[in-house]
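# Examination of the molecular architecture
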Amino acid sequence: MLITLEGIDGSGKSTLMEALRFSLADLNPVFTREPGATWVGDAVRRAVKERLDPVTEALLFTADHAAHLAAVIRPALNERRLVISDRYTDSRFAYQSVTLEGTVPSPLSWLQALHAGWSLRPDRTFLLILPVKQALERIRDHSRREHFESEEILANVQARYLDFAAADPTRFVIIDALKGKEEIHAFAEAEIRRIVGWSQTSRRS
Ligand code: TMP
């Protein structure tokens with residue numbers, strides 16, 4: 001079972017991930033992230049701190065995804081582990097479809113074609129949504145802002161995420177990221193336990 005957490009910078013994904021690390025320990029999940037779960041991801045994380053051209057950047061994030069799938073996700077799923085990833089392919093589809101605008105003719109189709117045939121679709125995706133102004137306030141104090149963190153880019157990225165969720169409502173679970181940390185955590189934990197329970201039942205039958 002592959003569960004992913006998505007949302008714009010400042011949406012509280014990482015805080016939720018940390019809370020789930022403790023509360024879901026009995027399920028022995030593999031907690032992972034993009035970019036950065038392998039040495040390829042570490043290199044990509046360093047590379048995107050620079051302003052690279054958008055195609056290079058999209059290919060680097062996709063290379064990280066390929067390494068992540070091969071080294072972490074597929075082996076864990078083969079062992080029937082629960083995998084929870086902080087960011088995954090929807091991050092590329094949302095962020096790079098914005099940054100590639102004007103560089104390739106149909107950025108989303110280009111990105112989808114790039115992933116076709118080898119990537120894996122998550123079973124469930126929690127999408128944290130909040131007004132962009134609030135997200136920016138939350139990350140205002142970060143000393144090194146990444147270049148995606150402008151209001152216009154994040155507004156466009158979040159709009160893409162919402163389009164994906166509308167197109168695939170059985171996979172996406174939208175969370176109001178303005179709710180309290182504890183409430184968000186309790187909801188996500190209960191949902192994950194329910195989904196995992198389902199998957200175990202359906203596997204037995
Ligand atoms: P993080 O701070 O949530 O770990 O993500 C790092 C930044 O990388 C964040 O601004 C989103 C961006 N990103 C992409 O643009 N494309 C991707 O495919 C991924 C995984 C992240």
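Provided above is the structure to which this section pertains.
Reference entry: report on the structure contained in this document. (Residues numbered from 1 in each chain as written. Predicted model: local features only at pLDDT ≥ 70, side-chain atom pairs only at ≥ 80, totals over all residues. Heavy atoms only, no water.)

## Details of the sheet that holds strand S5 (residues 172-176)
- Pairing within the open sheet is parallel, and its five strands lie in the order S2-S3-S1-S4-S5. Two strands lie at the open edges of the sheet, namely strand S2 (30-33) and S5, each paired on one side alone. Averaged over all pairs of adjacent strands, the angle between their axes in this sheet comes to 20°, without regard to strand direction.
- Examined bridge by bridge, strand S4 (residues 124-129) and S5 share five bridges and lie parallel to one another. The partner of Ile129 across the bridge, within S5, is Asp176.
- Seen against the sheet, helix H7 (residues 151-167) touches strand S1 (2-7), S4 and S5 and runs at an angle of roughly 140° to S4. (Pairing = 2+ DSSP bridges. Helix = DSSP H or I, 4+ residues; strand = E, 2+ residues; numbered from the N terminus. Axes fitted to C-alpha atoms, helices over the stretch in contact; angles between N-to-C directions. Contact = heavy atoms within 4.5 Å.)

## Notes on the environment of Ser199
- With respect to the secondary-structure elements, Ser199 resides in helix H8 (residues 181-204).
- With 198 residues separating them along the chain, Ser199 and Met1 place their C-alpha atoms 7.7 Å apart.

## Looking at unusual backbone geometry
- Each neighbour pair has its own omega, and for Glu34 with Pro35 the value is -10°, a cis peptide bond.
- Relative to the helices and strands, Pro35 is located in the loop between S2 and helix H2 (39-47).
- Phi is positive for Arg80, close to 60°, though the residue is something other than glycine.
- Summarising the element assignment, Arg80 is placed in the loop between helix H3 (54-78) and strand S3 (83-86).
- Taking relative accessible area as the criterion, Arg80 reaches 58% and is therefore assigned exposed.
- One non-glycine residue, Arg87, adopts positive backbone phi at about 75°.
- Note that Arg87 resides in the loop between S3 and helix H4 (89-99).
- On the basis of relative accessibility, which here comes to 13%, the residue Arg87 falls in the buried class. (Buried < 20%, exposed > 50% of the residue type's maximum accessible area, 1.4 Å probe, protein only.)

Remember that the coordinates give geometry; whether it matters functionally is a separate question.
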